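Results of the structural survey
Single-letter residue listing:
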Amino acid sequence: MAATATLMTWSGATAHADPASDFLDPKPNPPLYLPTPLGDPFFEPTAGFEATAPGTVLRTRGITVPGLAVPSATTQLLFRSTDSKNRPIAAATSVIVPTAEWTGGGPRPVVSYNIAIDSLGNACAPSAMLPKGTVAEEDSIESLLSRNFAVVVTDYQGPRQAYSAGLVSGHTVLDSLRAAVGRSELGLTASSPIGITGYSGGAIASGWAAQLAPSYAPELNIVGVAFGGPPTDYNILHKSLNGQIGSGLYLAASTGLAREYPELLRLYNANGLRLMQVNKDQCADILSYQGIFMLPIEALAKDQNSFTDPLIRQVIAENRMGASAPTTPIFIYQGLQDYWIPKEGAENLQNEWCAGGASVRLEEMPGDHSVVSGTGKPVAFAWLAERLTGTPAQPGCSTVVR
């Protein structure tokens, strides 16, 4: 999406017109590894959008989401946001508002629900999948709608589908909320209480939004952030995923980072560049199945010790969650037997944020990554609902092992 803006930000880099040559003799030419545009003009940024403020709505349209059990109206917004290097981008979000009147005190609450996109193709983004009725985690969206909350579902990976890139994910979530609460015709107001939530890949967007909000979007009325199974640090994931059964998503996440930081492309060997071309439009199911090959990223790098390269260390440091503390209450849930996303990441994050003065409750639950996705969400949603309806969180930090 927003392919024009993407190419402009990489000035001087143009796609080659010979796919066979690009595959047989791949070069580190960034546009070759970007997702194919959908061909839908809605996602193309309007002229001069770069000069507008983050959160500015560029386009709107109504859509129908098949299968939603809760009567509601859905509006898609194209809005101005910011990538990982503070450059303007256009991103999309879907705002789902129940048709039932909000009868609670104050304005209707808004929840940013961040689906685990975990994909590289534009067709895999929520804005493309919602109108088809194929979006993942629809049951979670319905659970929030059933509480009569408005739900904002954002393409937080940005126009390049930069899977795992923290800064762009946090920026787009916050700017989608700016765009949503600024639309009075949706029945939302600037004072609407806001919650943010997501699991696994969606926890990347949620956690980064939480820690960026104080400096990037302090005007938003965020009352709580709840997320689970957070991939917080590539140093941990390199041990648990690389060359393991989770290697398919690990390699895809590395591609996502290279889309935001194209200088990383010079570290890949020819096979690494070829795999990035093959995967550039793939969704999470195909990417995760590639884990059966247990391919380590070292096999795709020019240097077997590339993980220690100063450039990679810099990018990893920039995308490690925990550097700054949120000012809103935080709820984190984590599987005790989670091999893919070890509990070390959630525990370290709590320690760092608490040292910075944040209030963080960590609940560690029995089960692996998939089990706790199901058992933890109801607990997290109940906690978030209390914040959204005016019950303050217990201040300070606490840990519960169930």
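Residues numbered from 1 in each chain as written. Predicted model: local features only at pLDDT ≥ 70, side-chain atom pairs only at ≥ 80, totals over all residues. Heavy atoms only, no water.

1. A look at the confidence of the model for the protein chain
Note the threshold: pLDDT is a per-residue confidence score from the predictor, ranging from 0 to 100. Throughout, a contact is declared for two residues whenever any of their heavy atoms are within 4.5 Å.
For the protein chain, mean pLDDT is 94; residues scoring 70 or higher make up 96% of the total. Note on residues 1-14: pLDDT is under 50 here. Beyond four places in sequence and across chains, it has 40 contacts.

2. A word on helix α13 (residues 369-388)
Our working definition: Counting from the N terminus, the helices are DSSP H or I runs at least four residues long and the strands are E runs at least two residues long. Each helix should span, by expectation, one fewer than its residue count multiplied by 1.5 Å. The bend reported for a residue corresponds to the angle between axes fitted to the seven residues ending at that residue and the seven starting there. The buried label goes to any residue with under 20% of its type's maximum accessible area, the exposed label to any with over 50%, and the partly exposed label to all in between, with areas taken from a 1.4 Å probe on protein chains only.
Taking 1.5 Å of rise per residue, the 20 residues of α13 would be expected to cover 28 Å, and the 27 Å separating its terminal C-alpha atoms lies within 8% of that figure. A bend of about 35 degrees at G376 is the largest found in α13, and the proline P378 appears one to four places after it. Residues of α13 that are buried include every one of H369, V372, S373, G376, K377, A380, F381, W383, L384, A385, R387 and L388, and no others. On its buried face, α13 sits against β4 (110-114), α4 (138-145), β6 (194-199), β7 (222-228), β8 (330-335) and β9 (360-365). G390 lies just past α13 and shows a positive phi near 105 degrees.

3. Looking at the sheet that holds strand β10 (residues 398-401)
Heads up, the condition is: Any two strands with at least two DSSP bridges between them are considered paired. Between N-to-C directions, angles span 0 to 180 degrees; the directions come from axes that are lines fitted to C-alpha atoms, helices contributing only their stretch in contact.
Spatial strand order, β1-β2-β3-β5-β4-β6-β7-β8-β9-β10: 10 strands in an open sheet with mixed pairing. Strands at the two margins of the open sheet, each flanked by one partner only, are β1 (57-63) and β10. Each neighbouring strand pair of the sheet contributes to a mean axis angle of 20 degrees, computed without reference to strand direction. The pairing of strand β3 (residues 88-98) with strand β5 (residues 150-154) spans 4 bridges and is classified as antiparallel. Within β5, the residue paired with I96 across the bridge is V151. On the sheet, helix α5 (residues 166-181) packs against β1, β2 (72-82), β3, β4, β5, β6 and β7 and is oriented at approximately 125 degrees with respect to β2.

4. A short note on the packing of α5 against helix α6 (residues 201-216)
To be explicit about the condition: Oblique is the label for every angle not falling under 35 degrees (roughly parallel), over 145 degrees (roughly antiparallel), or within 65 to 115 degrees (roughly perpendicular). Residue polarity is assigned by list, with Asp, Glu, Lys and Arg as charged and Ala, Val, Leu, Ile, Met, Phe, Trp, Tyr, Cys and Pro as nonpolar; anything else, Gly included, falls into the polar class.
It is at 7 Å that the axes of α5 and α6 come closest, and there the two elements cross at 70 degrees. Taken together, the axes of α5 and α6 lie roughly perpendicular to each other. Judged by residue contacts, G166, L167, S169, G170, H171, V173, L174, D175 and R178 of α5 engage I204, A205, W208, A209, L212, A213 and Y216 from α6. Considered class by class, the residues forming the contact of α5 with α6 number 10 nonpolar, 4 polar and 2 charged.

5. Here we look at the state of the cysteines
Using the following cut-off: Note on disulfides: each one is a pair of cysteine sulfur atoms within 2.5 Å.
Applying the stated rule across the entire model yields 2 disulfides. Disulfide partner of C124: C283, at an S-S distance of 2.0 Å. Judged by the torsion about the S-S bond (-90 degrees), the C124/C283 disulfide is left-handed. Remark: C283 occurs in the loop between α9 (270-279) and α10 (284-289) and C124 occurs in the loop between β4 and α3 (126-129); sequence separation between them is 159 residues. Of the residues examined, C283 reaches a relative accessible area of 25% and is grouped as partly exposed. Here C354 engages in a disulfide with C397; their sulfurs sit 1.9 Å apart. Since a negative S-S torsion denotes a left-handed disulfide, the C354-C397 link at about -110 degrees is left-handed. Residue C354 is found in helix α12 (residues 343-355), and its partner C397 is found in the loop between α13 and β10; the two are separated by 43 residues along the sequence. Sequence-ordered numbering of the bonded cysteines in the protein chain yields a pairing of 1-2, 3-4.

6. A few points about the environment of G228
Here G228 is to be found in strand β7. On the accessibility criterion, G228 (0% relative accessible area) is buried. In sequence terms G228 and V400 are 172 residues apart; their C-alpha atoms lie 14 Å from each other. With sequence-adjacent residues up to four places away left out, G228 is seen in contact with G198, Y199, S200, A203 and Y333.

7. Remarks on the environment of G356
By the secondary structure assignment, G356 is in the loop between α12 and β9. For G356, a relative accessible area of 54% translates into the label exposed. Measuring from C-alpha to C-alpha, the distance between G356 and G229 comes to 21 Å, with 127 residues separating the pair along the chain.

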